[in-house]
Amino acid sequence: MKKLNSSHIGNIFYTDLKAKIKKKFFLGDILSKYRKEKKFLLQLLNKLLKREYILPVLNRINIETTSICNLKCGFCAYDKRDLNSHPRTTMSRELFQRSITEASKLGYKRIGLTPTTGDAFMDKGFIEKLEVIEADDIIDSCYFYTNFIPCSESQIESLFSFKKFFLLAISIYGNDEESFCKFTKGNSVGYKKLVSNLNFLSNLLDSKKLHFEIRINQRCKEGFYLSENNNELSRAIKNLAKKDKVAISHTYTHIYDNWGGKVSQEDVKDFGVDLKEGHFRKMGPCTMIFSRLNIGANGTVNACHVRDADYTLKIGNIKEKSLKEILSSKNEKYLEIINAHKSGNLPKVCKSCDVYSSIYEYPGRSDYVFAKTYSDQSINFKEFSAMIDQRKKEIEMKNNV
């Protein structure tokens, strides 16, 4: 029998109870500080023992099908982006095909389709791009995040036909119509479309077999408890989550990250939410620059897919050079970023980032049934260097022929 997902809706009463206890006795801040210090000390120990854990490099690369979003959330970097550095655009099918082909040749197995700030369904050709992935012989899985508003019912239903699609992550902002509109600068039409799409997906599961995981990630006001709420949004979430106790999970929080320093407490002062502190102690390079790279909608390759909304860590463009050359030791820009991380002189966006993950921290295992893991193990920096040096050698040999 499959294990009940620890974030399943059936556990929500206990989840809420723990949250209330933490709030009443101020345990949240205490536990957060304790975990940060414990993590730092373990990283320091691993560094002294020369233990390095770079996430399996070829497990994932990210391709931004569009950098356009339908919302302008106050706690997101989307509306604060430097459009001269990274414009709002949608990747053409031809460029997407090229990105997939080049990533596949390098041995990448999984594609993340929403790396930074765009919503996948703002790309009118998004479903056709899933077909490109489905036809590739090397890529074996893909996933994406969406606010679940700009998609049609036919697009939602089509997801069940893609065998390589393994994760639908639905981001919900607010816990009712008022907070949704306030958080997102949206309107009642968008809110009602969200509720409608959640209900449609829920009803669809009465006749469709679910082969992918659904994660519902809700950002809400402090003091909101799903177990005590029964408005139309809460009912839609509960009804959907109850359809599968293993594959569907729901988490919610009033704590947000700062998007590499682009979002401040001032931006969310009237939202009833808190921002995580980005300036915690950091030990060594972040694993993201080795194993979570991103090809932007305009072809720009960035050394991180997480919180660099302005693409300040750009290392090339696949319209100008091959992905293999960009991700090799032949690329001086890439080496500069790596060396900056190694020396402790982190780029500005990395210093402020609260999603930083040290290579001296042992990566945790996923609790999700369908979040596939591979036999690949974490590698150390020497092994990573050998890989990008080998790419450089192969390029130079080809050029000399």
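Read on for a plain summary of the structure. This one's a predicted model, so the numbers in the text were calculated from it and none came from an experiment.

**Regarding unusual backbone geometry**
Positive phi is not limited to glycine here, since lysine 185 has a value of about 60°. With respect to the secondary-structure elements, lysine 185 resides in the loop between α6 (177-184) and α7 (188-204). Despite not being glycine, tryptophan 259 shows a phi value in the positive range, around 50°. Residue placement: tryptophan 259 occurs in the loop between β7 (255-256) and β8 (274-275).

**A closer look at helix α11 (residues 332-343)**
Between the first and last C-alpha of α11 there are 16 Å, a value that for 12 residues agrees with the 16 Å anticipated at 1.5 Å per step. Those residues of α11 that fall on the buried side of the exposure criterion are Tyr334, Ile337, Ile338, Ala340 and His341. Across the axial projection of α11, the buried residues extend over an arc of 155°, all falling on one side. Away from its buried face by more than 90 degrees, α11 exposes Glu332, Glu336 and Ser343. Buried residues along α11 sit against α9 (288-291), β11 (314-317), α10 (323-326), α12 (348-352) and α13 (381-400). The opening residue of α11 is asparagine 331, an N-cap whose side-chain oxygen sits 3.1 Å from the backbone nitrogen of lysine 333. Taken from the residues just after α11, glycine 344 is the one with a positive phi, measuring 90°.

**Looking at the pattern of salt bridges**
This structure, assessed with the given rule, holds 14 salt bridges. Between glutamate 213 and arginine 215 there is a salt bridge; the shortest N-O distance is 2.6 Å. Overall, arginine 215 belongs to the buried group, its relative accessible area being 16%. The shortest N-O distance in the salt bridge between lysine 269 and glutamate 266 comes to 3.0 Å. Classification of lysine 269 as exposed rests on a relative accessible area of 54%. Taken together, the shared-partner salt bridges connect Asp79, Arg88 and Lys185 into one network.

**Quick word on the pairing of strand β6 (residues 248-253)**
Two strands pair when backbone bridges link them, and strand β5 (residues 213-219) and β6 are joined in this way by 6 bridges, in the parallel orientation. Bridge assignment links glutamine 218 to a residue of β6, and that residue is tyrosine 252. Following the chain from β5 across helix α8 (residues 232-241) to the adjacent parallel β6, one finds a crossover that is right-handed.

**Details of empty space enclosed by the protein**
Counted under the stated rule, the structure contains 1 cavity of 30 Å³ or more. When contributions to the lining of the largest cavity are tallied by element, the ones reaching two or more residues are α9 and α12. Tallied by class, the residues present in the lining of the largest cavity amount to 11 nonpolar, 1 polar and 2 charged.

**A look at the packing of α11 against α13**
One way to put it is that α11 packs onto α13 with a least axis distance of 13 Å and a crossing angle of 170°. Between α11 and α13, the interaxial angle falls into the category roughly antiparallel. Residues Tyr334, Leu335, Ile338 and Lys342 of α11 touch α13, and the partners they reach there are Phe381, Phe384 and Ile388. Across the contact of α11 with α13, the residue classes break down as 6 nonpolar, no polar and 1 charged.

**Examining the nonpolar core**
Membership of the largest hydrophobic core comes to 109 residues, with the highest contact counts inside it found for Leu168, Leu198, Leu327 and Phe384. Counting residues per element, this core draws most heavily on α7, at 7 residues. Once residues lying within four places of it in the same chain are set aside, the contact partners of leucine 168 are Phe144, Thr146, Phe148, Leu159, Leu201, Phe212, Glu213, Ile214 and Arg215.

Rules used throughout
Residues numbered from 1 in each chain as written. Predicted model: local features only at pLDDT ≥ 70, side-chain atom pairs only at ≥ 80, totals over all residues. Heavy atoms only, no water. Helix = DSSP H or I, 4+ residues; strand = E, 2+ residues; numbered from the N terminus. Expected span 1.5 Å × (residues − 1). Buried < 20%, exposed > 50% of the residue type's maximum accessible area, 1.4 Å probe, protein only. Arc of directions from axis to C-beta. Contact = heavy atoms within 4.5 Å. Polar contact = N/O pair within 3.5 Å; in protein donor to acceptor, adjacent residues only side chain to side chain. Salt bridge = Lys/Arg side-chain N within 4 Å of Asp/Glu carboxyl O. Pairing = 2+ DSSP bridges. Right-handed = clockwise from strand over helix to strand, strands pointing away. 1 Å grid on protein atoms, 1.4 Å probe; cavity = no way out; pocket = protein on both sides within 12 Å on 5 of 7 lines; lining within 4 Å. Points joined across faces, edges and corners; volume = space filled by probe spheres on them. Nonpolar A, V, L, I, M, F, W, Y, C, P; charged D, E, K, R; others polar. Axes fitted to C-alpha atoms, helices over the stretch in contact; angles between N-to-C directions. Parallel < 35°, antiparallel > 145°, perpendicular 65-115°, else oblique. Core = buried A, V, L, I, M, F, W, Y, C linked by side-chain atoms within 4.5 Å.

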